[in-house]
Each structure stands twice: as structure tokens, then as C-alpha cells.
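The primary structure of each chain is shown beneath.
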Amino acid sequence: DVYISSIFVSDPVPTLPHYGCAKAAGENLMTVAALQYPGAMFLIARPPRLLTDMSNSPPGNKNALSPDYAAARILRFVQDQSLSTQYGRVRVMGF
């Protein structure tokens, strides 16, 4: 299972506390799922700001990544053979 979280969980910003809290809650659900399903693999991806409709403004799109680029990085990470030995625990992927 893959959960798309955000860098704002580990590097919060004062203007988006609600967003960071929501993403942190999702990460906690993945952690609990890993305890409940030790035979499954879990990945939390924490991309930086992505260029989406929500962030497409002059201050919001500064240094924002393309969602396609982020998705490709996540797919490459998932395809890595080392994940096959990570059953029952959560891996966190930074960018």
C-alpha cells in the first residue's frame, strides 16, 4: 500500500497546520495497518509541494514539483527489489 503524504508532516509551515495534521493522521493509519497486516508492504511518500490547482499561484508554485515527476519517482521506489523484504513495516520515502 502507498500513502501520498507531504513534506509538511516533517517540515510544517505556519499557514497550513490543518493540512499537515490531516497528512499525519493518514500516516498513523498506515502505521497501524502495518501492525494489523504484517504480511503486507507499506510505503509513505512525502513529496514536497506539488504543482496542482491548489498551489498554482506565484508564491505557491515556487519550487513546486510536477505531479507526474513525483509519481514516477514513487513508482521507481516501489519497483525497487529491496521493498520485497520490508513486510510488516512502513517505509518512508523522502524526496
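As shown above, the structure is provided for reference.
Residues numbered from 1 in each chain as written. Predicted model: local features only at pLDDT ≥ 70, side-chain atom pairs only at ≥ 80, totals over all residues. Heavy atoms only, no water.

## Some remarks on a nonpolar patch on the surface
And then number 1: Among the surface-exposed residues, Val 2, Ile 4 and Val 78 lie close enough to one another that they form a single nonpolar patch of about 210 Å² accessible area.
And then number 2: Turning to its location among the elements, Val 2 is positioned in strand β1 (residues 2-4). (Patch = residues over 30% accessible without salt bridge, like charges linked within 9 Å, V, L, I, M, F, W, Y side chains within 5 Å. Areas by Shrake-Rupley, 256 points an atom, 1.4 Å probe, with all protein chains shown as cover. Salt bridge = Lys/Arg side-chain N within 4 Å of Asp/Glu carboxyl O. Helix = DSSP H or I, 4+ residues; strand = E, 2+ residues; numbered from the N terminus.)

## Digging into helix α1 (residues 17-36)
And then number 1: In this model, α1 (20 residues) spans 29 Å end to end at C-alpha, consistent with the 28 Å of a helix rising 1.5 Å per residue.
And then number 2: Three or more residues of α1 are buried, namely Gly 20, Lys 23, Gly 26, Glu 27, Met 30, Ala 33 and Ala 34. End-on, the buried residues of α1 take up no more than an arc of 135°, which puts them together on one face. Turned more than 90 degrees from where α1 packs its buried face, His 18, Cys 21, Leu 29, Leu 35 and Gln 36 sit exposed.
And then number 3: On the buried face of α1, the contacting elements are β1, β2 (42-46) and β3 (90-94). (Expected span 1.5 Å × (residues − 1). Buried < 20%, exposed > 50% of the residue type's maximum accessible area, 1.4 Å probe, protein only. Arc of directions from axis to C-beta. Contact = heavy atoms within 4.5 Å.)

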